[in-house]
Amino acid sequence: MGKIKIYWFHCGRVRVSSKLPYGNGNFVGASGFFTRAADKVWLPVSAMYIDHPKAKVLVDCGWHRDMSPSNTFDRNAQISHMSMLLYMVNQGVVGKGQTIAEQLAKIGVKESDLDYVLLSHLDCDHVSGLKMVSKAKNILVSEPELRSASYWLNRFRYTPSMWAGTQIRPFRFGRTGHGPMDKSYDLLGDGSIELVWTPGHSKGHFATKVTGHGGRYMLYYADAGYGPRSWQQMVLPGLCDDRSQARASLQWVRQESLDEHCVASFANHDLSADPCVIEL
């Protein structure tokens with residue numbers, strides 16, 4: 001197998017309550033409903049493109065240009081794109097050239113070139129930009145995540161219009177003995193891109209483990225944590241669907257991140273993870 005090249009992009013920023021990244025399951029504080037804008041924090045919104053010898057793979061999509069039609073903060077555009085409720089929880093901005101479509105174009109990749117678009121989960125800052133890459137050959141999300149998004153209790157968390165009309169389809173985790181729940185999905189059938197079930201933040205959330213020569217790997221753990229502090233100090237995100245599962249998932253992230261074969265371990269909103277290119 002040839003080299004695997006991984007591109008780490010920042011696709012805009014999101015402003016949230018400081019209790020969201022490190023709130024340890026404190027939903028009220030994490031929601032930001034009672035937090036002044038001046039007391040909120042700006043975090044990156046990221047996506048990962050994998051140039052693999054067997055496939056071109058995008059994981060998560062960042063914000064859509066509709067969030068910032070003029071490349072600047074636009075309250076009305078965001079409310080129209082998401083909802084007033086989600087706007088109260090997280091505000092976003094996408095600068096010029098920062099959407100996933102624009103960033104892929106810079107490296108010569110068109111949406112129709114993509115073999116897979118993978119959605120770690122269906123929160124708006126991960127799926128907002130999906131329609132900018134909807135001509136991909138396959139758009140996948142885990143079966144428990146897609147099922148959960150249809151529950152009436154989650155109608156305020158998710159925005160189905162962001163994936164409506166696309167060819168999104170679910171995949172099922174198999175019992176592989178990998179990950180905190182012993183379940184994962186081998187995307188290409190050779191162990192090089194493994195989608196590891198890491199529930200807790202949401203029901204179908206997964207981390208992506210990309211393994212190259214000599215067992216060296218890069219781990220993208222999406223929102224199972226918000227940066228090294230999460231797994232170093234075992235601090236859960238503020239928004240947890242299931243705190244017990246979130247803790248087990250974060251413990252697994254810690255174990256994988258400390259392994260000698262791990263060359264990089266990134267969260268989606270990781271302030272310590274600058275845009276870069278990693279080769280395995």
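Since the structure is predicted, the reported quantities are computational estimates derived from the model, not experimental observations.

Counting buried positions along strand S3 (residues 55–59) yields 4 of 5 residues, so the element is predominantly enclosed. Note: strand S2 (residues 40–52) against S3, 5 bridges, orientation antiparallel. By the bridge assignment, Tyr49 is partnered in S3 with Leu58. The antiparallel hairpin formed by S2 and S3 contains 2 residues in its connecting segment. Taken together, the 3 bridges between S3 and strand S5 (residues 116–119) define a ladder with parallel strand orientation. Counterpart to Leu58 in the pairing with S5 is Val117.

Let us look at the pattern of salt bridges. Counted by the stated rule, this structure contains 11 salt bridges. Arg147 is paired through a salt bridge with Glu143; the nearest N and O atoms lie 2.4 Å apart. With Arg147 and Glu143 both in helix H7 (residues 143–149), this residue pair falls 4 residues apart, about one helical turn. For Asp241, the salt bridge goes to Lys203, with nearest N and O atoms at 3.2 Å. Separated by 38 residues along the polypeptide, Asp241 in the loop between helix H8 (228–233) and helix H9 (243–258) and Lys203 in the loop between strand S10 (193–197) and strand S11 (206–211) bring together distant segments of the chain. Looking at Asp241, the relative accessible area reads 32%, which means it is partly exposed. On the basis of relative accessible area, Lys203 is assigned to the partly exposed category, the value being 33%. Counted as one network, the salt bridges with shared partners bring together Lys3, Lys5 and Glu279.

Applying the stated criterion to the full structure yields 9 aromatic pairs. Their ring planes at 70 degrees and their centres at 5.4 Å tell us that Trp8 and Tyr220 sit as a pair that is edge-to-face. Here Tyr220 lies in strand S12 (residues 217–220) and Trp8 lies in strand S1 (residues 5–17), a separation of 212 residues in the sequence. Relative accessible area serves as the criterion here: at 1%, Tyr220 is assigned to the buried category.

Quick look at the environment of His126 now. Along the chain, His126 falls in helix H6 (residues 124–127). What His126 contacts, discounting residues up to four positions off in sequence, is Asp60, Cys61, Gly62, Leu119, Ser120, His121, Tyr220, Asp223, Asn268 and His269. A polar contact of 3.0 Å, which involves the side chain of His126, links it to the side chain of Asp223.

This part takes up the pairing of strand S7 (residues 168–171). In regular strands, side chains alternate between the two faces of the sheet. As paired elements, strand S6 (residues 139–142) and S7 share 4 bridges and run parallel to each other. Each bridged residue has a counterpart across the sheet, and for Ile139 the counterpart in S7 is Ile168. In this view, the connection linking S6 to its parallel neighbour S7 by way of H7 has right-handed handedness.

What follows deals with the sheet that holds S12. Taken in spatial order, the 6 strands make up an open sheet running S8-S9-S10-S11-S12-S13, and their pairing is mixed. In the strand order of this sheet, the two ends are held by strand S8 (174–175) and strand S13 (262–266), each with one partner. Pairing geometry for S12 and S13, over 4 bridges, is parallel. Across the sheet, Tyr217 pairs through a bridge with Cys262, a residue of S13. Packing of H9 onto the sheet brings it into contact with S10, S11, S12 and S13, and relative to S12 it is tilted by some 155 degrees.

How each quantity is defined
What you see as residue numbers is a count from 1 along each chain, following the sequence as written. For this predicted model, a pLDDT threshold of at least 70 governs which residues receive local features, and a threshold of 80 or more governs which side-chain atom pairs are given and counted, while totals over whole chains, interfaces and linings are taken from all residues. Values shown for side chains rest on all heavy atoms present in the structure; no hydrogens or waters enter the calculation. Summary of the burial criterion: residues with accessible area below 20% of their type's maximum are buried, those above 50% are exposed, and those between are partly exposed, where the area comes from a 1.4 Å probe applied to protein chains only. Every helix listed is a DSSP run of H or I at least four residues long, and every strand listed is a run of E at least two residues long, numbered separately from the N terminus. Pairing between strands requires that DSSP locate at least two bridges from one strand to the other. Every case where a carboxyl oxygen of Asp or Glu lies within 4 Å of a side-chain nitrogen of Lys or Arg is listed as a salt bridge. Pairing of aromatic side chains requires ring centres within 6.5 Å, counting the rings of Phe and Tyr and the six-membered ring of Trp. Pairs whose planes differ by under 30 degrees are stacked, by over 60 edge-to-face, and all others tilted. Note on contacts: a residue pair is in contact if any heavy atoms of the two residues lie within 4.5 Å. Pairs of N or O atoms are called polar contacts if they sit within 3.5 Å, as long as, within protein, a hydrogen donor faces a hydrogen acceptor (for residues adjacent in sequence, only side-chain-to-side-chain pairs). Looking down the strands as they point away from you, a crossover is right-handed if its path from the first strand over the helix to the second goes clockwise. Think of each axis as a best-fit line through the C-alpha atoms, taken over the contacting stretch in the case of a helix, with angles from 0 to 180 degrees between the N-to-C directions.

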